[in-house]
Amino acid sequence: MATGTVVIDPGHGGSVEIGDSSANNAVSASGVLEKNITLRMAFLVRDALRELAALGGHTLQIHLTREIDKNLGLCDRAKVAKTKSANIFLSIHCNGFNKIARGTETLIRPAASNPKHAADKGLAQRIQKAAFNALKSHDVKAKNRGVKDQKLGVLNRGCLGAKPRGCMIELEFIDVPDVDVLLNVGANSPQVRSDVAKAIAGAIIDDLNANA
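Here's a quick rundown of the structure. (Residues numbered from 1 in each chain as written. Predicted model: local features only at pLDDT ≥ 70, side-chain atom pairs only at ≥ 80, totals over all residues. Heavy atoms only, no water.)

Moving on: the pairing of strand S3 (residues 88–95). Taken across its 8 residues, S3 has 8 buried, putting it largely inside the fold. Residues of S3 alternate between two faces, with Ile88, Leu90, Ile92 and Cys94 on one and Phe89, Ser91, His93 and Asn95 on the opposite face, all of them buried. Here strand S1 (residues 3–10) runs beside S3; their pairing, made up of 5 bridges, is parallel. Within S3, the residue paired with Val7 across the bridge is Phe89. Relative to strand S6 (residues 165–173), S3 runs parallel, the two being bridged by 7 bridges. Bridge assignment links Asn95 to a residue of S6, and that residue is Phe173. (Buried < 20%, exposed > 50% of the residue type's maximum accessible area, 1.4 Å probe, protein only. Helix = DSSP H or I, 4+ residues; strand = E, 2+ residues; numbered from the N terminus. Pairing = 2+ DSSP bridges.)

In structure tokens form, the structure reads like this:
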């Protein structure tokens, strides 16, 4: 049975940039804002974790860095995990580029500035595989962009602290019309979102067990 504290960070929020955190970046083909997608997904992951905890007898403390349309600085987001003595910190974002590029990727802080690089990579690989497989089950065009190193402020160890394993998932390129249908406006989109959230929650449980 898994035991631990999980902090989920819905990317962006509010209407102004705060502490290098923009209010919003990507916008879906139908106009859905990334900040709203990330918050919705964070709630779904939290609910899925609670359900798994109840079914499996896991003891979890689950916190969100925000529960409303509000922005927090990148360091302040990470500090929630430090304050809560979290085992896992997951930041949720979406990509947008040229309305053609596709794929899901999970990012971790590079080894040069991250003494927990190996542990972070293990977490990221579990979350990446789970989320991609859930998306692939609904869309054969889903693309696995893998786990990558990137120097992200929200994963800065000075803010995050030494304990949490941390990563950021970029859930697809929402400016692509097919992705917008898949995640936001299609008749099956609620089921897709639910399946992705449950997959991510399962990966978090697996990581807690692996690091017990």
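Moving on from the coordinates now.
As a further point, take the environment of Ala48. By secondary structure assignment, the location of Ala48 is in helix H1 (residues 34–56). The buried category is assigned to Ala48, whose relative accessible area is 6%. Not counting chain neighbours up to four residues away, the residues in contact with Ala48 comprise Ala197, Lys198 and Ala201. (Contact = heavy atoms within 4.5 Å.)

We now examine the pairing of S6. With 9 of 9 residues buried, S6 is to be regarded as a mostly interior element. Pairing geometry for strand S4 (residues 104–108) and S6, over 3 bridges, is antiparallel. The residue bridging Leu107 from the neighbouring strand is Met168, located in S6.

So, on to the nonpolar core. One broad rule of soluble globular proteins: the nonpolar side chains tend to lie buried together. Counting residues in hydrophobic clusters, the biggest one holds 47 residues, and the most contacted among them are Leu49 and Ile204. Of all the secondary structure elements, the ones that give two or more residues to this core are S1, H1, strand S2 (59–64), S3, helix H3 (117–136), S6, helix H5 (177–185) and helix H6 (189–210). A total of 10 residues in this core trace back to one element, the largest contributor, which is H6. Every residue in contact with Ile204, bar those within four places of it in the chain, is listed here: Val6, Val45, Leu49, Ile88, Leu90 and Ile127. In this structure, Val7, Ala81, Phe89 and Met168 belong to the second largest nonpolar core, which totals 13 residues. (Core = buried A, V, L, I, M, F, W, Y, C linked by side-chain atoms within 4.5 Å.)

Counting through the fold element by element, Val181 comes out in helix H5. The exposure class assigned to Val181 is partly exposed, which follows from its relative accessible area of 45%. Val181 sits 173 residues away from Ile8 along the chain, and the two C-alpha atoms are 25 Å apart. For Val181, the residues in contact, after removing those within four places along its chain, are Gly186 and Ser189.

Here H5 crosses H6 at 80°, and the two axes come no closer than 6 Å. Here H5 lies roughly perpendicular to H6, going by the angle between them. Packed against H5, whose contacting residues are Val181, Leu182, Leu183, Asn184 and Val185, the element H6 presents Ser189, Val192 and Arg193 at the interface. A breakdown of the residues in the contact of H5 with H6 according to their chemical character gives 5 nonpolar, 2 polar and 1 charged. (Axes fitted to C-alpha atoms, helices over the stretch in contact; angles between N-to-C directions. Parallel < 35°, antiparallel > 145°, perpendicular 65-115°, else oblique. Nonpolar A, V, L, I, M, F, W, Y, C, P; charged D, E, K, R; others polar.)

Bringing the layout of surface pockets into the picture now. Of the voids in this model, the largest pocket is the one considered here, and its volume is about 290 Å³. Around the largest pocket sit 23 residues that line it, and His12, Asn25, His93, Met168 and Glu170 are the ones nearest its centre. Residue assignment for the lining of the largest pocket shows that the elements contributing at least two residues are helix H2 (74–83), S3 and S6. Ranked by the residues each element gives to the lining of the largest pocket, the list is headed by S3, at 4 residues. Residue classes in the lining of the largest pocket are distributed as 7 nonpolar, 11 polar and 5 charged. (1 Å grid on protein atoms, 1.4 Å probe; cavity = no way out; pocket = protein on both sides within 12 Å on 5 of 7 lines; lining within 4 Å. Points joined across faces, edges and corners; volume = space filled by probe spheres on them.)

This paragraph deals with the sheet that holds S3. Think of a sheet as strands paired side by side through backbone hydrogen bonds, with each pair either parallel or antiparallel. The mixed open sheet is built from 6 strands, whose spatial order is S2-S1-S3-S6-S4-S5. Each edge of the open sheet carries a strand with a single partner, namely S2 and strand S5 (144–149). Across the sheet, the mean angle separating the axes of adjacent strands is 20° when strand polarity is ignored. Contacting S1 and S3, H2 crosses the sheet at an angle of about 170° to S1.

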